[in-house]
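Fold and geometry: a report
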Amino acid sequence: MLRGGNSGDGKLRTMEISLSIKEWALEIADAPLSGVKSILHRDYADRYSHVEPTGAGVARIDFWASSTLCRWYFPLLMFTVFGNIVADPTHEFY
Amino acid sequence: MSEHLILPKVVLVKDAINPAYDQYLKGWREEAIRRADEGDTAASICLQATLIDLVLYGKPRHAWNEVMDEYLTKDDKPLAYSEAFGKRLHKFNNQYRQTTVHAIHTRWWIERLNDSNAVDHERFATLVLNKRQEDGLIYDADVSETILRHRMKAELTLSMAMAVEILRAAGKLTGTLPLELSTSITDQRKCPALGYMSTEFFRLKALNILCHVNLFPTGIAEHVEACAEDLDVGWCDFSMKSKVDAYMGTAKRTQRDKPIHSPLIACYVAMLTEQILDADKKAKALDRLASYTRHLKRNPLDIPAFQMRDVPIRFGADKTPIEMICASHLITQCRKET
C-alpha cells in the first residue's frame, strides 16, 4: 500500500503526468457505457487526485471515499438486524 | 538562432513547422494564453508555448517571462506550477510549490531568450548548485524523497544536463568540478545504463558540456537496436524486453505492452548514433532514421500514444508541441537530403 495524505508520500509529484493519465482514467470509466458519460466522469472528475507509480506495470483506478458515514451506518445496521437476539450489540459482537 | 537542450539540432526559427501541425500548435498556444490569463500555468507550458512562438513567428510573441514573474515565482525562486494549476489535481495543496531543476532551467532559458545580457547567471547557478546531493548528482531531492535506486534515470541525467548548461554560462565549470560531475553521471551504481534513449541522450549532452564525452558508457548500439524491436518504423524510448516489474522481478505483467515510435526519440537516436563505433551498426541506424523521416513526411500525424495492454484508450499524450517540432525538423532534414 502506498501512502497519500497531505505530505504526498507515494504520489507522483510531476503534475503533467498525472493530468495526462486523468483522461485515460475517465475514458476507462466511460468505456462500457457506449457513448454515455459515467457518473465518475460527470460528477467526480474534479476529484481526481494523483498517480502512484508502483512499478507493477498494470494501471488501475482506485476509488477512495470518506469512512465517516460507515461509522454510523454499520452500528445502526447491527442494532436493527440483531437487536432482538443480542442483548447488548455494542459488546457481544466483539 | 535559438536552440533548446531537449531538442537536439532543432533550429527554432520562423516557419520551421510543417503545415500539418500549424492548426494544432496555434490552438494549443491560444489555450495556454487563455489559461495563463487566469493564473493557471506551469513552467512546462511557458516553455512549450515559447517554443511554438519561435517556430511560428521567429520570436516570443507573448510575454511568458511576465507570466512567470507573476505566477511562477515564490521568494525569488522559480516555481514549476502556479497555485491555480495546482488546483487541477484534487487536494494537491501546497505541493504545487516546487522549485525543480527543470523550472530553474526554463526560467533561465526564457530570460536569456528575451535579453541575454540581463540574465543573472550567478543566481541561477547558485540555485542549481543547492540541488547538488551528497552522491555528487544534481536532482530534486527536496521535492521528493524517493531513494536514488527508484528515481527515474532520465530525471537524473536531464537534471544534470540542465544544471551544467547553467553552470557553464555562469563560468562555474572550473577546477575539478567538471570531472566530479562527469564521473557521478557515469557511475553505474548511481545511474546505470538501462538503454533508455532519453536517459542516454541527456547523459551524452551533459558529458558534452562537461567536455568528458569519452566517459560515455559503451554498448549504445545494442540499446538502439533493442529500442527498434517490434516496430515497423522509428524507435521507442526503451526496449519492451527490458521492462520488468521492479518488485515482482518478472516480465509477466508487462509482456502485453506495445512499443511506440516517437519523433522526439528519433532525434535523440540521431545524436546517439554518433557514439556508435561499429560502422555497419551505425549505417543500419542511419538507414532506419532516413526511413522513419520518409514515413513522417507521408504520415505527419502518425504520432501514437502508449496503450495499456489491450485497452484502445490513449495512456497519456500522443501529439504534443515538442513531438510536432521534432517531427517538423526530421521532415525538413528529409527534404534537404532528397
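The numbers attached to residues start from 1 for each chain and follow its sequence in the written order. Note on labels: chains are lettered from A, ligands numbered from 1, in written order. Totals for whole chains, interfaces and linings use all residues, but because this is a predicted model, local features are given only for residues with pLDDT of at least 70 and pairs of side-chain atoms are given and counted only at 80 or more.

Observations regarding the overall build of chain B
The secondary structure content of chain B amounts to 13 helices and 4 strands. The C-alpha atoms of chain B give a radius of gyration of 20 Å, which matches the 20 Å a tight globule of 338 residues would have. Once the C-alpha set of chain B is aligned to its principal axes, its extents read approximately 50 × 45 × 40 Å. Buried positions account for 41% of the 338 residues belonging to chain B. By the criterion used throughout, residues are in contact when their C-beta atoms, derived from the backbone, lie within 7 Å. Sequence separation of at least 24 residues holds for 68% of the intrachain contacts in chain B that already meet a minimum separation of 6. Only runs of H or I of at least four residues qualify as helices and only runs of E of at least two qualify as strands under DSSP, and these elements are numbered from the N terminus. Radius of gyration: over C-alpha atoms. The globule rule applied is 2.2 Å multiplied by the number of residues raised to the 0.38 power. Comment: burial labels come from other C-beta atoms within 10 Å of the residue's own C-beta, placed from the backbone, where a count of 20 or more is buried, 12 or fewer is exposed, and between is partly exposed.

Looking at the nonpolar core
Residue and element names in this part refer to chain B. A set of buried Ala, Val, Leu, Ile, Met, Phe, Trp, Tyr and Cys residues, joined through C-beta atoms within 7 Å, is what we mean by a nonpolar core. One finds Val 128, Met 160 and Val 269 to be the most contacted residues of the largest nonpolar core, which totals 103 residues. At 10 residues, helix 7 (residues 153–169) tops the list of elements feeding residues into this core. Leaving out residues up to four positions away in the same chain, Val 128 has contacts with Val 101, Ile 104, Ile 138, Ala 163, Ile 166 and Leu 167.

Regarding the environment of Glu 3 of chain B
For Glu 3 of chain B, the position within the fold is in the segment before helix 1 (19–37). Sequence spacing of Glu 3 of chain B and Gly 234 of chain B is 231 residues, and the spatial spacing of their C-alpha atoms is 23 Å.

What to know about the domain arrangement of chain B
Residue and element names in this part refer to chain B. For chain B, the assigned domains are domain 1 (1–119), domain 2 (125–217) and domain 3 (222–338). Domain segmentation is taken from an automatic or database assignment of domains. Using only C-alpha atoms to locate each centre, domain 2 and domain 3 end up separated by 24 Å. Between domain 2 and domain 3, the contact holds 9 residues from the first and 14 residues from the second. Any residue outside Ala, Val, Leu, Ile, Met, Phe, Trp, Tyr, Cys, Pro, Asp, Glu, Lys and Arg is labelled polar, Gly included; the first ten of those are nonpolar and the last four are charged. A breakdown of the residues in the side of domain 2 that touches domain 3 according to their chemical character gives 6 nonpolar, 2 polar and 1 charged.

A look at the packing of helix 7 of chain B against helix 9 (residues 197–209) of chain B
All names here are of chain B. Between helix 7 and helix 9, whose axes approach to 8 Å, the crossing angle comes to 25°. Judged on the interaxial angle alone, helix 9 and helix 7 are roughly parallel. In terms of crossing hand, the pair formed by helix 7 and helix 9 is left-handed. Here helix 7 contributes Lys 153, Ala 154, Thr 157, Leu 158, Met 160, Ala 161, Val 164, Glu 165 and Arg 168 to the contact with helix 9, which in turn contributes Ser 198, Thr 199, Phe 202, Arg 203, Lys 205, Ala 206 and Ile 209. Of the residues belonging to the contact of helix 7 with helix 9, the class tally is 8 nonpolar, 3 polar and 5 charged. Fitted lines through C-alpha atoms give the axes, limited to the stretch in contact for helices. The angle between two N-to-C directions lies from 0 to 180 degrees. Reported orientations rely on four angle classes, namely roughly parallel under 35 degrees, roughly antiparallel over 145, roughly perpendicular from 65 to 115, and oblique for the rest. When the near helix sits turned anticlockwise from the far one by under a right angle, the crossing is termed left-handed; a clockwise turn instead gives a right-handed crossing.

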